[in-house]
Amino acid sequence: MSRLFGSLAGEVTSAELAAAASRQAHGGRDGRGVLRGPGWSLGCNRLAVTEAAHAGQPYRSPQVPGVVAALDGELYNHRELRRRLRARGYVFPDRSDGSLLPALYAEYGLGFARHLDGMFAIAVIDQRTAEPSLVLATDEYGIKTLYCHTAPSGAVRFASELSALLAFSQVPAVRRDTGLDDYLTNGACLGNRTLLEGIRVLPPATTASATGSQGLVVRRRAERTPEAAPDPDGPDGDTPLQREVLRLTGTDARVCAVMTEGTDSQLVTALAARQLREAGEPPLHTFHVSYRGRRPGGRQGSARAAARRSGTTHHEIALDGAELADLLPRTVWHLGQPNADPAALSMYALFREVRGAGFSVALSGEGGSEIFAGHPRVVRAEQDPRGNGWIAPYVDAVAAVPQWLRESLYAEDYRAHLRTQGSESDRVAASLLAADGGRRETLADFETRHRLPAHRLRPVDHLSAAWAVQARMPYLRSGVLAYARQIRAGKAPVPAGPRSEPRPDGLTPAQMLLAPGTPLLQLAYDTLSSEQPYDGRLDPAAVRRLLADQVRASTPEGASAVWALLVHELWSQELRIIGSTEPLVLLPAEPALAA
């Protein structure tokens, strides 16, 4: 695991490279490497997971002079690839996964990423021609993040974290006018968009290439062909998930598991604990965040009970209100851009404890409910009998703030601008209506290809990196995903486990965190009390009424709106510190799900 940064065809200073490295040094504490040449630079902060004693980055090979590569993530098939490349005469200095990248690129060129199995963001500089070129690649599911900026001149700058990208003086921090509506609609920016003009996230399963004269050209790769999923009732007795958990527990570093109250992470924990026990290894360590105080009717004991059944060494981290109010601004800083899911706060605290206990690799259940279509909102949409009538309720169900409440919070000028340009909810609804295939596949595609990377995987990448932890996700492996497709097609039984469950008491996380008298609600009052928040895009009087309602009679929608606005404003404050902001100008909106 590393955090990457670099440039092509633009002048950068040593101070800018040092600042970019420093802003994401938390994600790679085992070393820093920077290489520069005429018109290019490539650097990384490295966290050692495989071959910890070696493997300095960026990678070079004397057999491939002129090619330099850097890797953030892990390549699970690196042993197989190394054997193949050795048969072609290549020699490698160590067993680390990334050291084979120069040779792999030399063999396959822009097609090199099609041979990779893993979670990764990769940068390659090729100096073998008169004009150096840059190649960037991401894994199939968007687990690892790369932010990119292309200047009008064609110069490209990139980094694993947004704050590091803004360390380059030629990358301006200019907010998109429609970004607020995008964020409050989706809870995060979908597709390749960010909240800043001209800065993009490299989408999942893409390979991008650039030269100084060409600029960045992004190409989506064909889907990697997975191995056939075994029959879960077959003679070997395994399942795709069992095989992937077994594969991902093997590492040069100690592995633990992070647990939630959902059955998806608890199933991963049970499988990993059993495998370690059968191998004669010490018990699996598990980590779970809870909150001090009573949560009426909640499932706060389910993770503890699951750990006891699995025989793990369980760590339960109890956070109080004062600590949560202190952790939220730090969480927002590491997120890079706003994410309206309150789970990000507990995720940040969870990875802090994982690292504090001496672990650098953690198994996670992320993606389970999405790929198996187990979330209640998806089930409701599938079962809705009203033709296309399912679309509007579903778009509101995934929203951070429902449409009626968003519109009541917007200033009149901003509402008028959105009426002219079209709202984000209208664009999302139109994309769902125009999708090929049946309703089930349309929902699965939106949940896994668009919403999951932006709403869940990017926060996991950033918040685990904040504490130099590599999060591994067994559900997001080719065999498991193939099995999920069989289930959606009715060709395999639905597994017990990866389905989200509603809270018994109906309280949302935002309602619990922003309960009257809590430090977080006070933080919201202090932060959102400006007369002119969000450059005039919000109505200050409407925001004050929203805060008052949260004290008088909290609702799920109101609490979610307060939380989303609080996170956005904390991010705006950080942006004013790390980047030179410019006045907001209302511009035409962009397509909702650009790839």
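All figures in this text were calculated on a predicted structure; none of them were measured in a lab. (Residues numbered from 1 in each chain as written. Predicted model: local features only at pLDDT ≥ 70, side-chain atom pairs only at ≥ 80, totals over all residues. Heavy atoms only, no water.)

> Could you give me a rundown of the side chain of H462, with the residues and numbers involved?
If you trace the backbone, H462 turns up in helix 17 (residues 439–465). Residue classification places H462 among the buried positions, given a relative accessible area of 1%. With residues up to four places along the chain from it excluded, the contact list for H462 reads R3, T145, Y147, S160, E161, H334 and L335. (Helix = DSSP H or I, 4+ residues; strand = E, 2+ residues; numbered from the N terminus. Buried < 20%, exposed > 50% of the residue type's maximum accessible area, 1.4 Å probe, protein only. Contact = heavy atoms within 4.5 Å.)

> Just give me the short version of the packing of aromatic side chains, but keep the residues and values in it.
Counted under the stated rule, the structure contains eight aromatic pairs. Between Y105 and F112, the ring centres sit 5.9 Å apart and the planes meet at 80°, which makes this aromatic pair edge-to-face. Comparing Y105 with F112 shows no difference in burial state: the two are buried. With 5.0 Å between their ring centres and 90° between their planes, Y410 and Y414 make a pair best called edge-to-face. For the residue pair Y410 and Y414, the accessibility class agrees, reading buried in each case. Taken together through their ring pairs, the aromatic side chains of F372, Y475 and Y483 make up a single cluster. One residue, R82, lies across the ring of F92, its end atom 5.9 Å from the ring centre. A cation sits over an aromatic face here: R254 above F359, 4.1 Å from the ring centre. (Phe/Tyr/Trp six-rings, centres within 6.5 Å; stacked < 30°, edge-to-face > 60°. Lys NZ or Arg CZ within 6 Å of the ring centre and 35° of its normal.)

> Give a description of the pairing of strand 12 (residues 255–258) that names residues and reports values.
Residues V255 and A257 of strand 12 are buried on one face, and the alternating residues C256 and V258, pointing to the opposite face, are buried as well. Taken together, the three bridges between strand 12 and strand 15 (residues 361–363) define a ladder with parallel strand orientation. For V255, the partnering residue across the bridge sits in strand 15 and is V361. Examined bridge by bridge, strand 12 and strand 13 (residues 285–291) share two bridges and lie parallel to one another. In the strand pairing of strand 13, A257 is matched with T286. The handedness of the strand 12 to strand 13 crossover, carried by helix 7 (residues 263–278), is right-handed. (Pairing = 2+ DSSP bridges. Right-handed = clockwise from strand over helix to strand, strands pointing away.)

> So what about the sheet that holds strand 2 (residues 32–37)? Which residues, and what values?
Read from one edge of the open sheet, six strands run 2-3-1-8-7-9, paired in antiparallel fashion. Unpaired on one side and paired on the other, strand 2 and strand 9 (199–201) mark the two borders of the sheet. Shown here is a sheet whose adjacent strand axes are inclined to one another by a mean of 15°, direction ignored. Of the strand pairs in this sheet, strand 7 (residues 147–150) and strand 9 are connected by three bridges, and their pairing is antiparallel. Within the sheet, the bridge partner assigned to H149 lies in strand 9 and is I199. (Axes fitted to C-alpha atoms, helices over the stretch in contact; angles between N-to-C directions.)

> If you had to explain the side chain of R406 to someone new, which residues and values would you point to?
Along the chain, R406 turns up in helix 14 (residues 403–409). Side chain to side chain, R406 and S425 meet in a polar contact 3.4 Å long. (Polar contact = N/O pair within 3.5 Å; in protein donor to acceptor, adjacent residues only side chain to side chain.)

> Give me the lowdown on the nonpolar core, citing residues and values where you can.
Of all hydrophobic cores here, the largest spans 112 residues; its most connected members are L166, L328, L520 and W563. Ranked by the residues each element gives to this core, the list is headed by helix 22 (residues 556–578), at 12 residues. What L520 contacts, discounting residues up to four positions off in sequence, is L324, A325, L328, L345, L513, L514, W563 and L566. (Core = buried A, V, L, I, M, F, W, Y, C linked by side-chain atoms within 4.5 Å.)

> Lay out the packing of helix 20 (residues 519–527) against helix 21 (residues 540–552) with the relevant residues and their values.
The N-to-C vectors of helix 20 and helix 21 enclose an angle of 165°; their axes lie 11 Å apart at closest approach. By the angle between their directions, the pair helix 20 and helix 21 is classed as roughly antiparallel. For the crossing formed where helix 20 meets helix 21, the hand is left-handed. Contacts between helix 20 and helix 21 pair L521, A524 and Y525 from the former with L547, A548, Q550 and V551 from the latter. (Parallel < 35°, antiparallel > 145°, perpendicular 65-115°, else oblique. Left-handed = near helix turned anticlockwise from the far one by under 90°.)

> I'd like a rundown of the pattern of salt bridges, residues and numbers included.
The final tally for this structure, using the stated rule, is 32 salt bridges. Salt bridges sharing partners connect three or more residues here, namely R3, D72, K144, E161 and D461. (Salt bridge = Lys/Arg side-chain N within 4 Å of Asp/Glu carboxyl O.)

> I'd like to hear about the pairing of strand 2, residue by residue, with values.
As judged from the six bridges shared by strand 2 and strand 3 (residues 40–46), these two strands associate in the antiparallel manner. Among the inter-strand pairings, G37 is bridged to a residue of strand 3, identified as W40. Between strand 2 and strand 3, which follow one another and run antiparallel, lie two residues, and G39 among them has a positive phi close to 80°.

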